[in-house]
Amino acid sequence: MIIVMQKHALPQSVAEVVAFIRSRGLVEHVSEGEERTIIGAVGDERVFQPNELERLPQVERAIRVLNDWRIISRETQAEDSVISVRGVAFGGEKVLNITTEPKVQKSVDAVYVDPFSVPDTPYADTVRFNEKEQIALMREALQSCHEKGLPVLVRIRDVRQIEAALAHEADILYLGGELMANRMLQDEVGRLNTPLVLCKDKHHLYNEWLVAAERVALKGNHQIILGEAGTLSFEPDYPHRLDVDAVARVRGLSHLPVLANISGLWHNGMPQEVLYRLAVAAGANAVISSL
């Protein structure tokens, strides 16, 4: 952490910052200039937040040097993580092709299913969206794909659906962006020995994405795949776009594999073929599409 004091800060204000740093178990490094004093906090700066220092007298700003993620960072592990599921390597040299069609006939590496989806309108026919029917559809898709030797990513939308997904041998749990703020669910999947995809939501930044992944890893589950399924766009007709910047950013900061779900992002002006190439160019290790 680097703490920049205001111009001509008083010695007692500098001493107060130094005392705070020492109280958290860190060591200070004080550099006094003609106008400003800059203090470096040497050690694990994750024990406090920048705003705690910025509330101290005559502190202009505090700048974090280390990030809020350690287990998943390239500082901890320089080489890419590889997660093998049914002989398929997520994070290896090959970019995986994942389809949204359970009854696939073409050559793909894995299948993505969303059995627990519900219609947006409350007036839609909900008979086929009851829990028993959803589980039956999921079981059928899993059996069909496993017969072909394909791993299956099962999207869950609530913590209560984890048990059913695992009971029917889901290979990878897919957590959509709407679950990014669900810490209880993240804690739960963090205790499992099951690979999972952790998607960021459309309004989340890359650092919030990595912090959520770190929270899962802290619970013990390091079989994490970062998922990108779209971010907000300025185009009124196409409100969501592929966040290639975030994909490239996290590939540089983390050793975790990255998956891009473009199945709901393509349109006439941006066909899936182009989106696929963009995802791969940004560094995605796997791509979900309906190609």
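For the structure itself, look to the data block above.
Predicted model, so just to flag it, every value in this text is computed and none were measured.

Each value, and the rule that gives it
Residues numbered from 1 in each chain as written. Predicted model: local features only at pLDDT ≥ 70, side-chain atom pairs only at ≥ 80, totals over all residues. Heavy atoms only, no water. Salt bridge = Lys/Arg side-chain N within 4 Å of Asp/Glu carboxyl O. Helix = DSSP H or I, 4+ residues; strand = E, 2+ residues; numbered from the N terminus. Buried < 20%, exposed > 50% of the residue type's maximum accessible area, 1.4 Å probe, protein only. Pairing = 2+ DSSP bridges. Axes fitted to C-alpha atoms, helices over the stretch in contact; angles between N-to-C directions. Right-handed = clockwise from strand over helix to strand, strands pointing away. Phe/Tyr/Trp six-rings, centres within 6.5 Å; stacked < 30°, edge-to-face > 60°. Lys NZ or Arg CZ within 6 Å of the ring centre and 35° of its normal. Expected span 1.5 Å × (residues − 1). Contact = heavy atoms within 4.5 Å. Core = buried A, V, L, I, M, F, W, Y, C linked by side-chain atoms within 4.5 Å. 1 Å grid on protein atoms, 1.4 Å probe; cavity = no way out; pocket = protein on both sides within 12 Å on 5 of 7 lines; lining within 4 Å. Points joined across faces, edges and corners; volume = space filled by probe spheres on them. Nonpolar A, V, L, I, M, F, W, Y, C, P; charged D, E, K, R; others polar.

Here the idea is simple: oppositely charged side chains can pair when their charged atoms come close. Per the stated rule, a full pass over the model turns up 16 salt bridges. Between Lys7 and Glu35 there is a salt bridge; the shortest N-O distance is 3.9 Å. With a gap of 28 residues between them, Lys7 in the loop between β1 (2-5) and α1 (11-23) and Glu35 in the loop between β2 (27-32) and β3 (37-42) connect regions that are remote in the sequence. For Lys7, a relative accessible area of 47% translates into the label partly exposed. Between Asp80 and Arg74 there is a salt bridge whose closest N-O contact spans 2.5 Å. Ionic contacts of the salt-bridge type, sharing partners, join the residues Asp114, Arg155, Arg157 and Glu178 into one network.

The strand order across the open sheet built from four strands is β2-β3-β1-β4, with neighbouring strands paired in antiparallel fashion. With one partner strand each, in any of the chains shown, β2 and β4 (59-63) form the two edges of the open sheet. Sheet twist, expressed as the mean angle between neighbouring strand axes with direction ignored, is 20 degrees. Bridging between β1 and β3 involves three bridges; their strand directions are antiparallel. Looking at the pairing, Ile2 lines up with Gly40 of β3.

Let's shift gears to the pairing of strand β11 (residues 196-199). Residue alternation in β11 divides its side chains into two sets, Leu196 and Leu198 and Val197 and Cys199, and both sets are buried. Taken together, the three bridges between strand β10 (residues 172-175) and β11 define a ladder with parallel strand orientation. Across the sheet, Leu173 pairs through a bridge with Leu196, a residue of β11. For the handedness criterion, the β-α-β arrangement of β10, helix α5 (residues 183-190) and β11 is classed as right-handed. As defined by bridge partners, β11 adjoins strand β12 (residues 224-228) across four bridges and the pair is classed as parallel. Residue pairing in the sheet places Leu196 in a bridge with Ile224 of β12. For the segment spanning β11, helix α6 (residues 206-218) and β12, crossover handedness is right-handed.

What follows concerns the packing of aromatic side chains. A full pass over the atoms with the stated rule returns two aromatic pairs. Consider the rings of Tyr112 and Tyr174, whose centres lie 4.8 Å apart with planes at 65 degrees: the pair is edge-to-face. Placement of Tyr112 in strand β8 (residues 110-113) and of Tyr174 in strand β10 is noted, with a sequence separation of 62 residues between them. The ring of Trp209 is capped by Lys200, whose NZ or CZ atom sits 5.8 Å from the centre of that ring.

Helical periodicity: at 3.6 residues per turn, an α-helix aligns residues three or four positions apart in one direction. Compared with an ideal rise of 1.5 Å per residue, which puts 13 residues at 18 Å, α6 spans 18 Å between its outermost C-alpha atoms and is within 8% of the ideal. What α6 keeps buried is the set Trp209, Leu210, Ala212, Ala213, Glu214, Val216 and Ala217. The secondary structure elements touched by the buried residues of α6 are α5, β11, β12, α7 (244-253) and β15 (258-261). Two residues or fewer after α6 comes Gly220, characterised by a positive phi angle close to 120 degrees.

This next bit is on the nonpolar core. Judged by nonpolar contacts, the single largest core of 51 residues is most densely connected at Val154 and Leu173. Residues in contact with Val154, not counting those within four places in the same chain, are Val113, Pro115, Phe116, Met138, Leu142, Ala165, Ala170, Ile172, Leu173 and Tyr174.

The calculated volume of the largest pocket comes to roughly 660 Å³. As for the largest pocket, its lining consists of 33 residues, of which Tyr112, Val113, Asp114, Ser117 and Arg157 are closest to the centre. For the lining of the largest pocket, the secondary-structure elements that each account for two or more residues are β8 and α3 (131-147). Class assignment for the residues of the lining of the largest pocket results in twelve nonpolar, eleven polar and ten charged. Quantified by volume, the second largest pocket comes out at close to 150 Å³. Around the second largest pocket, the lining residues are Met180, Ala181, Arg183, His204, Glu208, Val211, Ala212 and Arg215.

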